[in-house]
Amino acid sequence: MRTLIEGGTLVNEQRTFDASIVIENGDIAEILPGKQHPDAQVDETISASGCFVLPGIIDDHVHFREPGLTDKADIDTESQAAAAGGVTSFFDMPNTVPQTTTLEALGEKFRLAARKSHVNYSFFFGATNDNADLFGSLDTHRIPGIKLFMGSSTGNMLVDRREALERIFSSARLPIMAHCEDTDIINRNMAQAKLRYGEDPKVAHHPEIRSEEACYESTRMAVELARRHHARLHVAHLTTARELELFGGADSQLITAEATVSHLYFCNRDYNTLGTRIKCNPAIKTERDRDALQQALSDGRIAVVGTDHAPHLLSQKEGGCAKAASGMPMVQFSLVTMLELVDKGVLTLERLVELMCHNPARLFGVRRRGFLRPGYRADLVLVRPNKAWTVTRGDILSKCGWSPMEGHTFLWQVQRTLCNGHTVYCNGQVDTGYIGEEIGFDHGV
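Residues numbered from 1 in each chain as written. Predicted model: local features only at pLDDT ≥ 70, side-chain atom pairs only at ≥ 80, totals over all residues. Heavy atoms only, no water.

> Mind laying out the packing of aromatic side chains, listing which residues take part and the relevant values?
On inspection of all chains with the given rule, the structure shows 16 aromatic pairs. With 4.4 Å between their ring centres and 50° between their planes, Phe 64 and Phe 90 make a pair best called tilted. Highlighted residues: Phe 64 in the loop between β6 (57-62) and α1 (75-84) and Phe 90 in strand β7 (residues 87-92), separated in sequence by 26 residues. Overall, the relative accessible area of 1% leaves Phe 64 in the buried class. For Phe 90, a relative accessible area of 0% puts it in the buried group. Arranged with centres 6.1 Å apart and planes meeting at 80°, the rings of Phe 371 and Tyr 376 form a pair that is edge-to-face. (Phe/Tyr/Trp six-rings, centres within 6.5 Å; stacked < 30°, edge-to-face > 60°. Helix = DSSP H or I, 4+ residues; strand = E, 2+ residues; numbered from the N terminus. Buried < 20%, exposed > 50% of the residue type's maximum accessible area, 1.4 Å probe, protein only.)

> Run through the packing of α1 against helix α2 (residues 103-116), naming residues and quoting values.
Helix packing for two helices is described by the angle between their axes and how far apart those axes are. Orientation of α1 relative to α2, taken along the N-to-C sense of each, is 60°, at an axis distance of 9 Å. In terms of axis orientation, α1 runs oblique to α2. Considering only the axes of α1 and α2, their crossing is right-handed. Residue-level contacts link Ile 75, Asp 76 and Ser 79 of α1 to Leu 112, Ala 113 and Lys 116 of α2. Residues that form the contact of α1 with α2 fall into these classes: three nonpolar, one polar and two charged. (Axes fitted to C-alpha atoms, helices over the stretch in contact; angles between N-to-C directions. Parallel < 35°, antiparallel > 145°, perpendicular 65-115°, else oblique. Left-handed = near helix turned anticlockwise from the far one by under 90°. Contact = heavy atoms within 4.5 Å. Nonpolar A, V, L, I, M, F, W, Y, C, P; charged D, E, K, R; others polar.)

> Describe unusual backbone geometry, with residues and values.
Put simply, Glu 66 and Pro 67 share a cis peptide bond, and its omega is 5°. Along the polypeptide, Pro 67 turns up in the loop between β6 and α1. The residue after Val 97, namely Pro 98, is reached through a cis peptide bond having omega 0°. Looking at the element boundaries, Pro 98 is found in the loop between β7 and α2. Even without being a glycine, His 237 presents a positive backbone phi close to 35°. With respect to the helices and strands, His 237 occurs in the loop between β12 (233-235) and α7 (241-244). Its identity is not glycine, yet Asn 386 carries a phi of approximately 55°, on the positive side. Among the structural elements, Asn 386 can be located in strand β15 (residues 380-390).

The structure is reproduced here in structure tokens:
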């Protein structure tokens, strides 16, 4: 099967240029600059006229909730949302039920995805206080890394013993992706907030409880451990200007940071209108922090943009700091939200592709994905500028049925998503009969 993607503007490896792409058996066979035509016949031609053609987005940070939490979300529904958002590959987190902290639980997730995921998939293995002896048994070609909760967001995966942390950083052969918040500081702040504001403080106090200090102290410790043990560290969802001071130095190839779309787009003023819909851990913080994160997208301190896509039912989002669940669904709207920041001059389109496609592939050793190159799998997204549309409830594909972007008008639209050369999303429809592929990794270990 040969497919021609004709007449688009490609964005790839710091270049923006007119070209067509020939896809053969799921791979990119040729990239034809300008108005060149393929020598051999094609079976299908797809017009990309007026569209930018990007590598498929690789989201390094999602919670698709399966198994065990499927009232909120599951691999089927959330991979549909991913496809509609131009996300062709995802790395799922281990705080499910059961937690992905045993080889058996990891194997079961792969079996589920092989039946249910409409885009490409892989899964982090979760660290605990006492499972580092399993790291040597992990197949490094199948998973992106080890997820470490140094301040547990949900479940009981908090790793809080110093000797356990030392062992994890000294023994992990894979990248360690760390959620960094100091639980003791958070607990102290929550106790003080309850004394001052009552048993369930309003959500506006969330960034005071999950504070700058809580984030900075935990991130500082993670960076210190990584440097001492020469471990590969990727810190998830930075939220503060102060944490940025820890990144971008001489060891920037060893120690990297992710920012999420939510922390790049929202700030504490948005609690006034969106309330607990934007309650997440770590908390969305000040406008100054958001602006610093945006600046760091272009100076190298932020290496990757993910979503931390974390659906909950709206009924579970009721209450304040103590009662409302933390997390929001964003995978369907991550690309168009970042394209809005491109329009605002926060970053260039070429840099967006670095942050959401190239760098996740580089940092995690993703095999044959993340770039528009001959021989790579044909994971592509066609996006159209100047195509105004407003998000309605009916547009939302996540199982939880809501989004903080509901009612928002975007000026970019995902027109088509191809996964392994197959059109998995087009004109508002997901091909639910299509199943993506397991992602392969070459970590160099």
